[in-house]
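# Structure at a glance
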Amino acid sequence: MEQPDWHGPLTEAYQHATRFLAGLPDRPVGSRATLEELRAALGGPLPDGGTDAREVVARLAEAADPGIVASPSGRFFGFVIGGATPAALAADWLTATWDQNAGLYAAGPAAAVVEEVAGGWLRDLFGLPAQASAGFVTGAQMSHVTALAAARHEVLHRAGWDVETGGLHGAPRIAVLAGADRHSTVDRALRFLGIGTAALVPVDVDDQGRMTPGALRDALAGLDGPIIVCAQLGNVNTGAFDPIGELCDIAHAAGAWVHVDGAFGLWAAASTRLRHLVTGLERADSWTTDAHKWLNVPYDSGLVFCAHPAAHRAAMGVRAAYLVHAGGDERDALDYNPEFSRRARGFSVYAALRALGRTGVEALIDRGCALAAHFARRMTGHVLNDVVLNQVLVGFGPDTPALVRRVQAEGTCWVSGTTWHGSPAMRFSVSNFTTDESDIDRAADTILRLAT
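Residues numbered from 1 in each chain as written. Predicted model: local features only at pLDDT ≥ 70, side-chain atom pairs only at ≥ 80, totals over all residues. Heavy atoms only, no water.

### Considering the overall build of the protein chain
Rule in force here: Comment: elements are numbered from the N terminus, with helices defined as DSSP H or I runs of at least four residues and strands as E runs of at least two. Atoms counted for the radius of gyration: C-alpha only. Globule rule: 2.2 Å times residue count to the power 0.38. For every residue, the accessible area obtained with a 1.4 Å probe (protein chains only) is divided by the maximum for its type, and the residue is called buried under 20%, exposed over 50%, and partly exposed between those limits. We call two residues in contact when some of their heavy atoms are within 4.5 Å. Positive: Lys, Arg. Negative: Asp, Glu. His and the chain ends are not part of the count. Every charge is mapped to an atom, namely NZ of Lys, CZ of Arg, CG of Asp or CD of Glu.
On a plain count of helices and strands, the protein chain comes out with 14 helices and 10 strands. For 452 residues, the compact-globule estimate of 2.2 N^0.38 gives 22 Å, and the protein chain sits close to it at 23 Å. The C-alpha extent of the protein chain, read off along each of the three principal axes, is 65 × 60 × 45 Å. Counting all 452 residues of the protein chain, 51% fall into the buried class. Counted over contacts in the protein chain with a minimum sequence separation of 6, partners at least 24 positions apart contribute 73%. Charge separation in the protein chain, taken as the distance between the mean sites of 36 positive and 49 negative side-chain charges, equals 2 Å.

Encoded structure:
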């Protein structure tokens, strides 16, 4: 077997990576290069001849660096993006090195078992049913697609329709009820699945974006046929929680499947202090969450759970003569997610959970919420939401969008903008394991200074 030079390019990558990580506390958080500068540095015609691998890595790191957003920084507060814990990052490096195709057990036995074990740990951590199946996907978007495909299968099966063979043409029409302030990935998943956004029945929400039981009951009145209800744990703007237990009772009484968007809010179940916010979540039928948010594993890493493994497998599973399918207790991941060939992303989830343990995950969640509350206190007079989790909305009137841009350009921290109740707002999310109170104070000082 030919033996290339692994040491040179990997050493170069390690040196650049460790310098980047060590420099995060002092690095400007936003990108420092224009589009034109990046195209000039990274572009040009494909060379006719090859280049030494170590030199390629060195040039790539140098050219890309000004255009790298320091999202692993403890002062990155946009989009609910976490960093990467040392154990998770190191495991991700091993994942790339091992280069396992994690679709089949036969192609990656250790990858399959790691997903099985980590999935079980997460079910226990979240308080989900022990029999719930788990899939490791790219993020909440594909988690929604997977869960809603299982829901589509089940609600149509109950109506006497086999969607996997018959498709949707001629099928009973599915009604999908979701809060008026739902995340856009739910709509997009319905488009991907052929259900369509016209199937959506928006359900009224309160002033924090929570779906109310009375509104769901009213929306269900008069509906018959297949129904899916999409609830939300952690509103994308306010962090507010739908009263999931009550919603499950109402929806199930109408024969509906309940899917939970818990992209970041599901992690509240890991906290003794916050668990009351998710009371009854175990009564739902499927759940979405991300590991690359609050668990702080490298992108990409989403999770889907389903209380009905047979429906999950019916929607996702595949058989082919040329494949070596699992037998007995072995588990093929392609039966639980939309991908065929796929990265073994379970290794970094496993490493993060093993390094943190149950108490470490709880401390991570509680700390993020405490720091968000501290930021809200610093923003007194400008806070627009009830701060119940790690999300804080602040407003500075019509100047808010311009202020967001000034904050991003200044570099001390990075925040994102949104619209809330028809007015512009700044969205501040605390989900990085390295963030401490000094980061919050530096960010608050910067925002208040630039707002004057």
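Moving on, there is more to tell.
### Quick word on the side chain of N385
For the record, the criterion: Two N or O atoms form a polar contact when they lie within 3.5 Å of each other; inside protein one atom must be a possible hydrogen donor and the other a possible acceptor, and for residues adjacent in sequence the pair counts only when both atoms belong to side chains.
With respect to the element layout, N385 can be found in the loop between helix 12 (346–378) and strand 8 (391–394). Here Q391 takes part through its backbone oxygen, which lies 3.1 Å from a polar atom of the side chain of N385. At 2.9 Å, the side chain of N385 forms a polar contact with the backbone nitrogen of L393. If sequence neighbours within four positions are ignored, N385 has contacts with Q208, T238, Q391, V392 and L393.

### Examining the packing of helix 5 (residues 109–126) against helix 12
Short version of the rule: Axis definition: a line fitted to C-alpha atoms, limited for helices to the stretch in contact. Angles are taken between N-to-C directions and run from 0 to 180 degrees. To sort the angles, those under 35 degrees are grouped as roughly parallel, those over 145 as roughly antiparallel, those from 65 to 115 as roughly perpendicular, and the leftovers as oblique. Whether a crossing is left-handed or right-handed is set by the direction in which the near helix is turned from the far one by less than a right angle, anticlockwise for left-handed and clockwise for right-handed. Classes in brief: Ala, Val, Leu, Ile, Met, Phe, Trp, Tyr, Cys and Pro nonpolar; Asp, Glu, Lys and Arg charged; the others, Gly included, polar.
The N-to-C vectors of helix 5 and helix 12 enclose an angle of 30°; their axes lie 9 Å apart at closest approach. Taken together, the axes of helix 5 and helix 12 are roughly parallel relative to one another. Considering how the two elements wind past one another, helix 5 and helix 12 form a crossing that is left-handed. Between helix 5, through A110, A111, V114, E115, V117, A118, W121, L122, D124 and L125, and helix 12, the contact on the second element is made entirely by G346, F347, V349, Y350, L353, R354, R358 and V361. Of the residues contributing to the contact of helix 5 with helix 12, the split by class is 13 nonpolar, 1 polar and 4 charged.

### Section: helix 10 (residues 244–253)
When helix 10 is considered as a whole, its buried residues turn out to be I244, G245, L247, C248, I250 and A251. Contact partners of the buried residues in helix 10: helix 9 (213–220), strand 4 (227–232) and strand 5 (257–261). Positive phi appears at G255, one or two residues downstream of helix 10, with a value of about 80°.

### A few points about the pattern of salt bridges
Side chains carrying opposite charge are able to pair once their charged atoms draw close together. Put simply, the rule reads: Here a salt bridge means any side-chain nitrogen of Lys or Arg lying within 4 Å of a carboxyl oxygen belonging to Asp or Glu.
Throughout the structure, instances matching the rule amount to 24 salt bridges. Ionic pairing is found between R54 and E12, a salt bridge with its closest N-O pair at 2.7 Å. Highlighted residues: R54 in helix 3 (residues 53–64) and E12 in helix 1 (residues 7–22), separated in sequence by 42 residues. With relative accessibility at 29%, the residue R54 sits in the partly exposed group. You can call E12 buried: its relative accessible area is 12%. Between E55 and R59 there is a salt bridge, with its nearest N and O atoms 2.3 Å apart. With E55 and R59 both in helix 3, this residue pair falls 4 residues apart, about one helical turn. Look at E55 and you get partly exposed, because its relative accessible area is 31%. Overall, R59 belongs to the exposed group, its relative accessible area being 52%. Each of E115, D300, R331, E339, R342 and R345 takes part in one network of salt bridges that share partners.

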